[in-house]
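Structural overview for review
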Amino acid sequence: MLGALSKASSSAVRARLSSGAPRDILGRAFAAKVDGDTLSVEVNPFTAHKVEPPSTTVTATKDELIKYFREMYLIRRMEISADMLYKAKQIRGFCHLYDGQEAISVGMEAALTYKDSIITSYRDHATHVGRGGTVAEVIAELMGRRTGASMGKGGSMHMYKREHNFYGGQGIVGAQVPLGAGLALGHQYLDDGSVGVAIYGDGAANQGQIFEAFNMASLWNLPAIFVCENNHYGMGTAEWRSAKSPAYFSRGDYMPGLKVDGMDVLAVRAAVAFAKQHALAEGPIVLEMDTYRYHGHSMSDPGSTYRTRDEVSNIRQHRDPIEHVRKLLLDAGLAEVAELKALEKEAKKEVDAAIEAAKAADFPGQDVLAAHIYKEGLGMQLRGVDRMSWLTAPKQED
Amino acid sequence: MYFSKVMSGCVDLRGPRAGAPPASYDPLPPIWTHPDPQSVTRAGPGPLNRASTRTAAAKKELMMWESLREALDEEMERDPTVCLMGEDVGHYGGSYKVSYGLHKKYGDMRLLDTPICENGFMGMGVGAAMTGLRPIVEGMNMGFLLLAFNQISNNCGMLHYTSGGQFKVPMVIRGPGGVGRQLGAEHSQRLESYFQSIPGVQLVAVSTAKNAKALLKAAIRSDNPIIFFEHVLLYNVKGEVEGPEYTQCLERAEIVREGTDVSIFCYSRMRYVVMQAVKQLEKEGYNPEVVDLISLKPFDMQTISRSVKKTRRAIIVEECMKTGGIGASLSAVIHESLFNDLDHEVVRLSSQDVPTAYAYELEAATIVQPEKVVAAVHRVVGAPAGVAYA
């Protein structure tokens, strides 16, 4: 597919762009050429560090765009309902929402397979769904039910899916990046042609352990892709106040990097596909996704003390990932308004059903309290809260 | 680390007024005290002679986050070398509002917003302390300071010793820890168990608005490195606070309730769990003595031994894990030094050795609840004096 992309840069497309095809306020040109069911789009140019960037002409079929639209909309609805459930105190603790950043998760999954490994931070609801988890699992986990992704023991920040190589779900900022390098090490060791992807944020980019991971991955040519989801704020601190060099894609120094428009699912897909090829052939690479989160850092943060409402609504109006795909489909005549509305309704129904199922589900009981501490049960007796009670850690049946 | 008698050469320069224990207390001098502000020459603004305001100390009710904020404000005004560094402490005002609005008054240098690199900025705090500043390093959650463990242990704790006394590290490492409301395993950690073995640091746990303010002021003025444990769920606890010159001895425990039947030792949020159990126990006719440890390292052995000698029974209620917690150390110490004064082995109520689950009931089952405290007192004391056992 990558070969096709680089050869598909038709001069007609470029001519059309330079002749003043419609551009939005940020200079992004929309759909250029439709050929039957296939759309050829120019994405925003990539900024490259020590590597030749991929072509900015991307093709997508109607089915693919419909699929991305549906997935992103599902994630959006799921996050909004998580917001409502949190305010209704059905979800407690910390809850970090992904709305605004959907294009990254969906675009990445479009370019990878379930054999590739992904690890991310606490903002993991969407990544879990992208890796084949169900919305029902996510909502049940957020509500602390036994049917949740981690049986209610993990919560918002700790969701995993081993069968599809999703390694979570980490609470401590930046700690997942050395783990991600480890995933890549595993892939290299087993020589299975897959990559390890470590996702972190612009706040985490200042952690020392990330540079340690960069060094080792580059030293040993691990098939690693480091993805920085740059939403420009590390909780309440803007990137210019916390990073001397906010060019996160160049922070790898000796390691090549690409800066990508993270609100455009097709750009993300192209970049990740390029990065996978690079990681397998030549070595690790950093991708910086220029994105934005509409909510605050978490549900405890209103998100309005350190940025203006105008900024948020501006992004919503001009760079929203779902609206972009909607516009692509409608402008090219590939879909009708009614068709997309039907998809939205379907997604809403799925999320509502998930909430109902979660509300009806059981909470985890005392039997799972001491389960999964060790892999081998050890027949261990754990001391209870007082000196008289003992728990037996059950032997794990695999 | 604990001392069973007063170290020679320590004199209470402040006099009995400031930070005095309750009146019924046996007035032995404290183990280690802070130099009187008037006896220390420090450059900077703010009147050092505050004798006139001491007697007219303003009393008002504040929430703990407000009282910590007031302590910070007063100390920063008094001494220009005091500064706070941490994530989102400046412009954002602190994730628990402890430094709310202070950056407008003191500027970005003294309320330093750091990037997210705990190991890095902890080390930076130690370096700054060595050059003569008095930094307060805030961990947004105590659990994040595991990333900074090397800096806290080796550099913060040991530098004074390894340099033969040349360098002092007068820093305060503070932040909220403990089990909150369903924050998940990685954000519900109790780091006092891990830090207690580091030689050279002092550990202090606050529990009320009053002792929070008084202890933070004392910690900032102390030349030792202090690890200052706040609790996520106690920031909105209201209480009366004292005026700007009131500090509390960092090594002294607080008697919360005097009693005769049993000594219950607790700290931080467990103080409230115990006092809730005490309501039930009082109805049943028990008379427990409740001691808030305050100083987790070193233990205030004077207060502790005096209490145990009086009641001859001890229960420790802590939020740490059963294995290797503060209670484990205290239990060993009491057994070893007060064996003949005990009528019952020390009973330890602590959290279970499991990661803190997210689900509400599982989380509640892993930490000490008031019913467990009541049951423990029943077991240790037997029938309350003069009442038939129900």
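These numbers were taken from a predicted model, which means no experiment stands behind them. (Residues numbered from 1 in each chain as written. Chains lettered and ligands numbered in written order. Predicted model: local features only at pLDDT ≥ 70, side-chain atom pairs only at ≥ 80, totals over all residues. Heavy atoms only, no water.)

1. Section: the interface of chain A and chain B
The condition is simple: Here, residues are in contact when the closest pair of their heavy atoms is within 4.5 Å. Two parts placed together each lose some accessible area; with a 1.4 Å probe, that loss summed over both constitutes the buried area. Salt-bridge detection follows one rule: a side-chain nitrogen of Lys or Arg within 4 Å of a carboxyl oxygen of Asp or Glu. Under the scheme used here, helices are H or I runs from DSSP no shorter than 4 residues and strands are E runs no shorter than 2 residues, and both carry numbers assigned from the N terminus. Polar here means any residue outside two lists: the nonpolar Ala, Val, Leu, Ile, Met, Phe, Trp, Tyr, Cys and Pro, and the charged Asp, Glu, Lys and Arg; Gly therefore counts as polar.
Facing 48 residues of chain A, the contacting portion of chain B comprises 41 residues. Counting the surface lost from both chain A and chain B, the interface buries some 3700 Å², and carbon and sulfur atoms represent 60% of this. In this assembly, chain A and chain B are joined by two salt bridges. Of the charged contacts, one joins Asp 113 of chain B and Arg 241 of chain A as a salt bridge, the two residues approaching to 2.5 Å between their closest N and O atoms. Only helix H6 (135-142), helix H9 (239-242) and strand E12 (381-383) of chain A provide two or more residues apiece to the side of chain A that touches chain B. For the side of chain A that touches chain B, the residue count by class is 20 nonpolar, 20 polar and eight charged.

2. Some points on the sheet that holds strand E11 (residues 289-292) of chain B
Residues and elements named next belong to chain B. To keep things clear, this is the line we draw: Strand pairing follows a simple DSSP-based rule, namely that at least 2 bridges must link the two strands. Lines fitted to the C-alpha atoms define the axes, with helices restricted to the stretch that makes contact. Angles between their N-to-C directions range from 0 to 180 degrees.
One open sheet accounts for five strands, arranged E9-E11-E10-E13-E14; its pairing is mixed. Whereas interior strands pair on both sides, the edge strands pair on one side only; in this sheet they are strand E9 (254-257) and strand E14 (347-351). Strand-to-strand twist of the sheet, defined as the mean angle between neighbouring strand axes without regard to direction, takes the value 25°. The sheet contact formed by strand E10 (residues 263-266) and strand E13 (residues 314-321) spans four bridges and is parallel. Opposite Ile 264, over in E13, you have Ile 315 as the bridge partner. Contacts between helix H9 (residues 270-284) and the sheet are confined to E9, E10, E11 and E13, with E9 contributing the most and set at about 35° to the helix. Where helix H11 (residues 326-337) meets the sheet, its contacts fall on E10, E13 and E14, and the angle it forms with E13 comes to roughly 150°.

3. Quick word on a nonpolar patch on the surface
Applied cut-off: Each patch is built from salt-bridge-free residues with over 30% relative accessible area, joining like charges within 9 Å and nonpolar side chains (Val, Leu, Ile, Met, Phe, Trp, Tyr) within 5 Å. A 1.4 Å probe and the Shrake-Rupley method give the accessible areas. Residues count as covered only by the protein chains that appear here. The rule is simple: take the accessible area with a 1.4 Å probe, protein chains only, and divide by the maximum for that residue type; under 20% is buried, over 50% is exposed, in between is partly exposed.
On the surface, Leu 185, Met 216, Leu 219 and Trp 220 of chain A cluster together to form a nonpolar patch covering roughly 400 Å² of accessible area. Classification of Leu 185 of chain A by relative accessible area gives partly exposed; the value is 39%.

4. Some thoughts on the packing of H6 of chain A against helix H13 (residues 337-360) of chain A
Residue and element names in this part refer to chain A. Convention followed: In this scheme, roughly parallel covers angles under 35 degrees and roughly antiparallel covers those over 145, while 65 to 115 is roughly perpendicular and the rest are oblique. Definitions for this section: a left-handed crossing has its near helix turned counterclockwise from the far helix by less than a right angle. A right-handed crossing has that turn clockwise.
The geometry of H6 relative to H13 is characterised by a closest axis approach of 8 Å and an angle of 45° between their N-to-C directions. When the interaxial angle is binned, H6 and H13 end up oblique. In this structure, the crossing between H6 and H13 has a hand that is right-handed. Note on element contacts: H13 touches H6 through Glu 350, Val 351, Ala 354, Ile 355 and Ala 358, opposite Val 135, Ala 136, Ile 139 and Ala 140. Of the residues belonging to the contact of H6 with H13, the class tally is eight nonpolar, no polar and one charged.

5. Description of H13 of chain A
We count it as follows: Working rule for helices: expected span equals 1.5 Å times residues minus one.
Compared with the 34 Å implied by 1.5 Å per residue over 24 residues, the 35 Å span of H13 of chain A between its first and last C-alpha is a close match. Of all the positions in H13 of chain A, only Leu 340, Leu 343, Glu 344, Ala 347, Val 351, Ala 354, Ile 355 and Ala 358 of chain A are classed as buried.

6. Brief notes about the pattern of salt bridges
Residue and element names in this part refer to chain B. Throughout the structure, instances matching the rule amount to 43 salt bridges over all chains. The shortest N-O distance in the salt bridge between Arg 221 and Glu 245 comes to 3.4 Å. Residue Arg 221 is located in helix H8 (residues 209-221), and its partner Glu 245 is located in the loop between strand E8 (238-241) and E9; the two are separated by 24 residues in the primary sequence. Shared partners join several salt bridges into a network, and the residues in it are Lys 60, Glu 70, Glu 74, Glu 75, Arg 78, Lys 213, Lys 217, Arg 221 and Glu 245.

7. Description of the sheet that holds strand E11 (residues 285-290) of chain A
Sheet strands pair via backbone hydrogen bonds, and the direction of the pair is either parallel or antiparallel. Residue and element names in this part refer to chain A. Read across the open sheet, the six strands follow the order E3-E10-E11-E7-E6-E5; overall the sheet is mixed. The outermost strands of the open sheet, each flanked by one partner alone, are strand E3 (47-49) and strand E5 (117-119). Taken pair by pair, the neighbouring strands of this sheet meet at an average axis angle of 20°, ignoring direction. Here strand E6 (residues 196-201) pairs with strand E7 (residues 224-230) via six bridges, running parallel. Across the sheet, Gly 196 pairs through a bridge with Ala 224, a residue of E7.

8. Here's the deal with the UniProt feature "coiled-coil region" (unreviewed entry) in chain A
So the rule is basically this: UniProt positions are given in the numbering used here, feature names are shortened, and annotations may be inferred rather than shown by experiment.
Mapped onto this numbering, the UniProt entry gives "coiled-coil region" (unreviewed entry) at residues 330-357 of chain A. Structurally, residues 330-357 of chain A comprises 82% helix and 0% strand, and the distance from its first C-alpha atom to its last is 35 Å.

9. Thoughts on the side chain of Ser 188 of chain B
Tracing the backbone through its elements, the reader meets Ser 188 of chain B in the loop between strand E5 (172-177) and helix H7 (192-195). A relative accessible area of 1% means that Ser 188 of chain B is categorised as buried.

10. Comments concerning the packing of helix H4 (residues 118-130) of chain B against helix H5 (residues 149-157) of chain B
All names here are of chain B. Axis separation between H4 and H5 bottoms out at 9 Å; the angle between their running directions is 10°. Here H4 lies roughly parallel to H5, going by the angle between them. Contact residues: Asn 119, Met 122, Gly 123 and Val 126 in H4; Gln 151, Ile 152, Asn 155 and Cys 156 in H5. Residues that form the contact of H4 with H5 fall into these classes: four nonpolar, four polar and no charged.

11. Some thoughts on the UniProt feature "domain: Dehydrogenase E1 component" (unreviewed entry) in chain A
Under the present numbering, the feature "domain: Dehydrogenase E1 component" (unreviewed entry) in UniProt falls on residues 71-363 of chain A. Between the end C-alpha atoms of residues 71-363 of chain A the distance is 29 Å, and the span holds 46% helix and 11% strand.

12. Quick word on helix H13 (residues 370-381) of chain B
All names here are of chain B. For the record, the criterion: The directions considered for the arc run from the helix axis to the C-beta atoms.
A rise of 1.5 Å per residue sets the reference length of H13, with its 12 residues, at 16 Å; its end C-alpha atoms lie 16 Å apart and thus fit the reference within 8%. Those residues of H13 that fall on the buried side of the exposure criterion are Pro 370, Val 373, Val 374, Ala 376, Val 377, Val 380 and Val 381. For H13, the angular spread of the buried residues around the axis is 160°, confining them to a single face. Where H13 ends, the next residue or the one after it, Gly 382, has phi of about 80°, a positive value.

13. Quick word on the nonpolar core
Residues and elements named next belong to chain A. Here is the rule we go by: The term nonpolar core refers to a set of buried residues drawn from Ala, Val, Leu, Ile, Met, Phe, Trp, Tyr and Cys, joined through side-chain atoms within 4.5 Å.
Core analysis: the largest hydrophobic core is formed by 77 residues, its most contacted members being Leu 65, Leu 266 and Leu 287. It is helix H3 (residues 62-87) that contributes the most residues to this core, 12 residues altogether. Beyond its immediate sequence surroundings of up to four residues, Leu 287 is in contact with Ile 225, Phe 226, Val 227, Cys 228, Leu 258, Val 260, Ala 271, Val 272 and Ala 275.

14. Re the side chain of Glu 242 of chain B
Residues and elements named next belong to chain B. Worth spelling out the cut-off: A 3.5 Å cut-off defines polar contacts: any pair of N or O atoms within that distance qualifies, except that in protein one atom must be a possible hydrogen donor and the other a possible acceptor, and neighbouring residues in sequence count only when both atoms are side-chain atoms.
Secondary-structure assignment places Glu 242 in the loop between E8 and E9. Overall, the relative accessible area of 11% leaves Glu 242 in the buried class. Here Lys 210 takes part through its side chain, which lies 3.5 Å from a polar atom of the side chain of Glu 242.

15. Focus on the domain arrangement of chain B
Residue and element names in this part refer to chain B. Just so we agree on the cut-off: Annotation comment: domain bounds sourced from an automatic or database domain assignment.
Domain annotation for chain B reports domain 1 (60-241) and domain 2 (254-381). If you average the C-alpha positions of domain 1 and of domain 2, the two centres end up 26 Å apart. Opposite the 30 residues of domain 1 that make contact, domain 2 presents 27 residues. Contact between domain 1 and domain 2 buries roughly 2300 Å² in total, counting both sides, with carbon and sulfur atoms accounting for 54%. Viewed at the interface, domain 2 and domain 1 are joined by zero salt bridges. Between the two partners, domain 1 and domain 2, sit 20 residue pairs in polar contact (both at pLDDT 80 or more). The leading source of residues in the side of domain 1 that touches domain 2 is strand E6 (residues 202-205), at four residues. Grouping the amino acids of the side of domain 1 that touches domain 2 by side-chain chemistry returns 14 nonpolar, 13 polar and three charged.

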